[in-house]
Amino acid sequence: MKALVKTKSGVGNVELREMPKPKAKEGQVLIEVKAVGLCGTDIHIFYDEFANNPPVILGHEVSGVIVEIGKGVTGIELGERVTTESYFKTCGLCYYCRNGKENLCLNRLSIGSRVNGGMAKYVVVPAKNIHRLPNNINYVEGAMTEPLACVIHSTLDMTKISPGDIVVVCGPGPIGLLTAQVAKQAGAVAIVIGVKRDIDRLRVAKELGVNHTVNLGEEDVIELINSLSGGRGADVVFECAGVEASVEMCLRLVRRAGQYTQIGLVGQKVSFDIDQVIHKEVTVRGGNASVPGAWVRALKLMETEKVKIKPLISHVLPISEWGKAFNIFKEKSGLKIVLTPVD
Ligand SMILES: [Zn+2]
Ligand SMILES: [Zn+2]
């Protein structure tokens with residue numbers, strides 16, 4: 001089968017190559033991949049800024065059909081439309097596993113970085129990771145379950161959003177627009193901030209019903225947040241751009257005793273005024289990937305269209321056009337890019 005492989009460590013070293021079709025062993029299922037999302041993590045792996053075990057097939061945002069069922073697996077049938085959680089293995093024994101924080105497992109192996117992922121015709125995963133796709137969710141949308149589950153973990157598990165909160169989301173990419181939608185569903189007033197080149201993304205944010213959008217090239221964000229909050233600042237800020245200037249701005253916009261949650265991966269060191277955390281008594285958090293419960297909520301929010309996925313998908317390309325897809329991603333000219341397998 002054709003697969004997009006990180007062939008060895010170092011910058012680049014990614015190519016479409018022939019790989020053996022995997023088989024479902026005991027407790028596993030084989031998915032025929034129908035769609036796989038391109039994620040910042042894949043780009044970070046390209047640049048060797050995210051831990052990986054080459055040679056490894058990229059891709060962890062998978063949807064597809066069950067085509068083979070391993071020994072001992074019950075409750076799943078051939079032909080079911082599914083998505084899969086991205087952990088191939090957690091140990092169940094470490095401190096974090098024993099405390100319900102499998103996402104922090106010291107021995108966690110995830111598909112697309114440590115073990116073969118879904119940028120291929122087939123991928124093998126543990127059967128326990130499978131979630132059925134609702135009938136009204138197509139495969140391309142289904143590939144967005146993983147990013148939405150990660151967003152739900154960061155926004156609803158790690159952060160406390162209360163109805164009426166003023167929530168600022170910096171960075172109107174796919175993750176930012178999912179974050180803003182979840183915040184709105186939690187009862188917040190959601191404000192999405194972007195820069196000049198984000199004009200199309202901010203338009204999509206408006207279509208999705210976020211309360212306010214700010215183009216930093218043209219509008220004064222401080223003035224807006226002050227007018228909405230009586231001069232206090234934002235109750236909650238989510239940094240989804242993963243760039244230094246945005247980190248700084250989020251720390252500036254959050255109110256005293258407010259919450260700051262980092263969602264965007266920066267991939268390098270950034271400098272910011274950490275004293276602000278003291279002066280303002282800001283609670284700073286991060287969310288690492290997702291926990292199983294976030295997947296259940298993600299699929300329910302998608303099924304009921306409380307979180308809209310379709311407007312976020314700007315490109316569907318065959319995996320053979322991965323170079324073009326990576327470039328579109330880096331230029332930030334689109335929104336979500338979803339790849340489809342090739343023979
Ligand atoms: Zn991802
Ligand atoms: Zn563990």
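Note: the structure precedes this text.
Source: prediction; values computed, not measured.

Cut-offs used in this document
- Residues numbered from 1 in each chain as written.
- Chains lettered and ligands numbered in written order.
- Predicted model: local features only at pLDDT ≥ 70, side-chain atom pairs only at ≥ 80, totals over all residues.
- Heavy atoms only, no water.
- Donors = N, O, S within 2.8 Å, 3.2 Å for Na, K, Ca; no water.
- Tetrahedral: all angles 85-135°; square planar, octahedral: opposite > 155°, others 65-115°.
- Helix = DSSP H or I, 4+ residues; strand = E, 2+ residues; numbered from the N terminus.
- Axes fitted to C-alpha atoms, helices over the stretch in contact; angles between N-to-C directions.
- Parallel < 35°, antiparallel > 145°, perpendicular 65-115°, else oblique.
- Left-handed = near helix turned anticlockwise from the far one by under 90°.
- Contact = heavy atoms within 4.5 Å.
- Phe/Tyr/Trp six-rings, centres within 6.5 Å; stacked < 30°, edge-to-face > 60°.

Asker: I'd love a proper account of the coordination of the zinc ion (ligand 1), names of residues and values included.
Answerer: Taken together, the protein ligands of the zinc ion (ligand 1) are Cys39 (SG), His60 (NE2), Glu61 (OE) and Glu146 (OE), with distances of 2.1 to 2.8 Å. The coordination sphere of the zinc ion (ligand 1) comprises four donor atoms, whose angles at the metal cover 81 to 166°; the geometry is irregular. Spacing between the donor residues of the zinc ion (ligand 1) along their common chain follows C-x20-H-E-x84-E. Of this pair, Cys39 sits in the loop between strand S3 (28-37) and helix H1 (40-46) while His60 sits in the loop between strand S4 (56-57) and strand S5 (62-69); the two residues are 21 residues apart in sequence, bridging distant segments of the chain.

Asker: How would you explain the packing of helix H4 (residues 145-157) against helix H5 (residues 174-185) if you had to name every residue and give the values?
Answerer: Taken N-terminus to C-terminus, the directions of H4 and H5 make an angle of 50°; their axes are 9 Å apart at the nearest point. Regarding the angle of H4 to H5, the classification is oblique. As for how H4 packs across H5, the hand of that crossing is right-handed. Counted together, Pro147, Leu148, Val151, Ile152, Thr155 and Leu156 of H4 and Ile175, Leu178, Thr179 and Val182 of H5 form the full contact between these two elements.

Asker: Describe the packing of aromatic side chains, with residues and values.
Answerer: In this structure the tally under the stated criterion is four aromatic pairs. Ring geometry for Tyr95 versus Tyr96: centroids 5.2 Å apart, planes at 85°, classification edge-to-face. Here Trp322 and Phe326 contribute two aromatic rings whose centre-to-centre distance is 5.2 Å and whose plane-to-plane angle is 85°, an arrangement assigned as edge-to-face. Highlighted residues: Trp322 and Phe326, both in helix H11 (residues 322-331), separated by four residues, approximately one helical turn.

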